[in-house]
Amino acid sequence: MGALFTLGRSDFLNFRRDSMLQFLMVYPFILGGILRWLLPWVHTGLMENIGFDLSQYYLLIVSFFGLLVIPQLVGLLVGTLLLDEKDQDTLTALMVTPMPVRTYALYRALTPALISVMGILLVVPFINVLVLPVEKLLPLAVSAAPLGPMMALILAALAKNKVEGLAIMKGLGIFLLVPIAAWFVPEPWQWLLGISPTYWAAKGYWLATAGQPYLWVAAVGFLYTCAIAAALLRRFQNGLYK
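Only a predicted model underlies this, so the values are computations on that prediction, with no experimental measurement involved.

Participant: Which residues make up helix α9 (residues 174-183), and what values go with them?
Facilitator: Along α9, the positions that sit buried rather than exposed are Leu 176, Val 178, Pro 179 and Ala 182. Along the axis of α9, the buried residues cluster in a sector spanning 145°; they form a single face. Along α9, exposed side chains directed more than 90 degrees from the buried face belong to Ile 174 and Leu 177.

Below is the structure:
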């Protein structure tokens, strides 16, 4: 517990010093507020001017920005912190302290997951469009939460420094494109896009909104993403000893 408190205090100090990190933490709420008031206004404007019904895409928009963007942002934030610590040789110094490397790695993996769950439960109702009741939203938030650690560990495990991390970060946007593509692909072919871990939480939200069984989809997504994150975590831990 003392080690976790020390890590938490260090992260809090880093957060206070870095304005970019502060912005990334409030960005989902800014985005939620924009969607809350912008969507009805844009919908009305499009209907009156060109007869386009934006409401048929509300479900896609809410599942994308409410469920997927938050874990991605949190994961990239934590991944950036990890790369900073790698560049500053903090991780090398950690290996000669009493704190087990596993404790540190698990802390870095679990933190974005917990923040993601809380962020989703706050932001989705704030958008106030096609909001699921909390008893349905919570399993989907938990299903999407491992996306945060996965994103963070992709950066930490694959990038040698922050410069490489920024290059990898640009490519991670492809994960967010898959659910958008899946929206336009009919079943059963749509399920092939389940190779991307971002598909499952979004699909679960679509099914839950339609009143169809969704818990098994949330469970598959959670286990699949956890398996990917666990493999990346092992690679990250092994890389500390090289």
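Participant: An account of the packing of helix α6 (residues 134-144) against helix α10 (residues 198-209) is requested, with residue identities and associated values reported.
Facilitator: Two numbers describe how α6 lies on α10: the axes approach to 9 Å, and their chain directions differ by 165°. Overall, the two elements α6 and α10 adopt an arrangement that is roughly antiparallel. Every pair of crossing elements has a handedness; the one defined by α6 and α10 is right-handed. Between α6, through Lys 136, Leu 137, Leu 140, Ser 143 and Ala 144, and α10, the contact on the second element is made entirely by Ala 201, Gly 204, Tyr 205 and Ala 208. Of the residues in the contact of α6 with α10, the class split is six nonpolar, two polar and one charged.

Participant: Explain the packing of α9 against α10 to me, and be specific about the residues and the numbers.
Facilitator: Direction vectors running N to C along α9 and α10 enclose 40°, while the axes themselves pass 8 Å from each other. When the axes of α9 and α10 are compared, the pair comes out oblique. In terms of crossing hand, the pair formed by α9 and α10 is right-handed. Facing α9, whose interface residues are Phe 175, Val 178, Pro 179, Ala 182 and Trp 183, α10 presents Thr 198, Tyr 199, Ala 202 and Trp 206.

Participant: So what's going on with the confidence of the model for the protein chain? Which residues, and what values?
Facilitator: On average, the protein chain scores 81 in pLDDT, and the residues at 70 or more come to 82%. In the model of the protein chain, helix α1 (residues 2-17) stands out as the element of lowest mean pLDDT, 59, in contrast to α10, which has the highest, 94.

Participant: For α10, give the residues involved together with the corresponding values.
Facilitator: With 12 residues, α10 should reach 16 Å at 1.5 Å per residue; the first-to-last C-alpha distance of 18 Å fits that figure. Taken across its 12 residues, α10 has 11 buried, putting it largely inside the fold. Those residues of α10 that sit buried are Thr 198, Tyr 199, Trp 200, Ala 201, Ala 202, Lys 203, Gly 204, Tyr 205, Trp 206, Leu 207 and Ala 208. A positive phi of about 75° marks Gly 211, the residue just after α10.

Participant: I'd like to hear about a nonpolar patch on the surface, residue by residue, with values.
Facilitator: Nonpolar side chains collect at one region of the surface, where Val 26, Ile 30, Ile 34, Leu 38 and Trp 41 lie side by side and expose about 490 Å² of accessible area between them. Within the secondary structure, Ile 30 sits in helix α2 (residues 19-49).

Participant: Let's hear about unusual backbone geometry: which residues, and what values?
Facilitator: In the segment running from Glu 187 into Pro 188, the intervening peptide bond is cis, with an omega of 5°. As for its placement among the helices and strands, Pro 188 is situated in the loop between α9 and α10.

Participant: Break down the nonpolar core for me, citing the residues and quoting the values.
Facilitator: One finds Leu 68, Ile 120, Leu 140, Tyr 205 and Phe 236 to be the most contacted residues of the largest nonpolar core, which totals 66 residues. If you list the elements that add at least two residues to this core, you get α2, α3 (58-87), α5 (101-127), α6, α7 (147-158), α9, α10 and α11 (215-240). If you tally residues by element for this core, the top one is α3, at 18 residues. Those residues within four positions of Leu 140 in sequence are excluded, and the remaining contacts are Leu 67, Leu 132, Ala 201, Gly 204, Tyr 205, Ala 208, Tyr 214 and Ala 218.

Participant: Can you tell me about the packing of aromatic side chains, naming the residues and giving the values?
Facilitator: Inspection of every chain in the model, using the stated rule, returns eight aromatic pairs. With 6.2 Å between their ring centres and 85° between their planes, Trp 37 and Phe 126 make a pair best called edge-to-face. With a gap of 89 residues between them, Trp 37 in helix α2 and Phe 126 in helix α5 connect regions that are remote in the sequence. The exposure class assigned to Trp 37 is exposed, which follows from its relative accessible area of 59%. Here the aromatic rings of Trp 183 and Trp 206 are separated by 5.1 Å at their centres, their planes lie at 80°, and the arrangement is edge-to-face. In this pair, Trp 183 is assigned in helix α9 and Trp 206 in helix α10, connecting sequence segments 23 residues apart. Classification of Trp 206 by relative accessible area gives buried; the value is 8%. Here the aromatic cluster, defined as three or more aromatic residues joined through ring pairs, consists of Trp 191, Tyr 199, Trp 200 and Trp 216. Taking the ring centre of Trp 191 as reference, the NZ or CZ of Lys 203 above it sits at 5.1 Å.

Thresholds, definitions, all that
- Residues numbered from 1 in each chain as written.
- Predicted model: local features only at pLDDT ≥ 70, side-chain atom pairs only at ≥ 80, totals over all residues.
- Heavy atoms only, no water.
- Buried < 20%, exposed > 50% of the residue type's maximum accessible area, 1.4 Å probe, protein only.
- Helix = DSSP H or I, 4+ residues; strand = E, 2+ residues; numbered from the N terminus.
- Arc of directions from axis to C-beta.
- Axes fitted to C-alpha atoms, helices over the stretch in contact; angles between N-to-C directions.
- Parallel < 35°, antiparallel > 145°, perpendicular 65-115°, else oblique.
- Left-handed = near helix turned anticlockwise from the far one by under 90°.
- Contact = heavy atoms within 4.5 Å.
- Nonpolar A, V, L, I, M, F, W, Y, C, P; charged D, E, K, R; others polar.
- pLDDT = per-residue confidence, 0-100.
- Expected span 1.5 Å × (residues − 1).
- Patch = residues over 30% accessible without salt bridge, like charges linked within 9 Å, V, L, I, M, F, W, Y side chains within 5 Å.
- Areas by Shrake-Rupley, 256 points an atom, 1.4 Å probe, with all protein chains shown as cover.
- Salt bridge = Lys/Arg side-chain N within 4 Å of Asp/Glu carboxyl O.
- Core = buried A, V, L, I, M, F, W, Y, C linked by side-chain atoms within 4.5 Å.
- Phe/Tyr/Trp six-rings, centres within 6.5 Å; stacked < 30°, edge-to-face > 60°.
- Lys NZ or Arg CZ within 6 Å of the ring centre and 35° of its normal.

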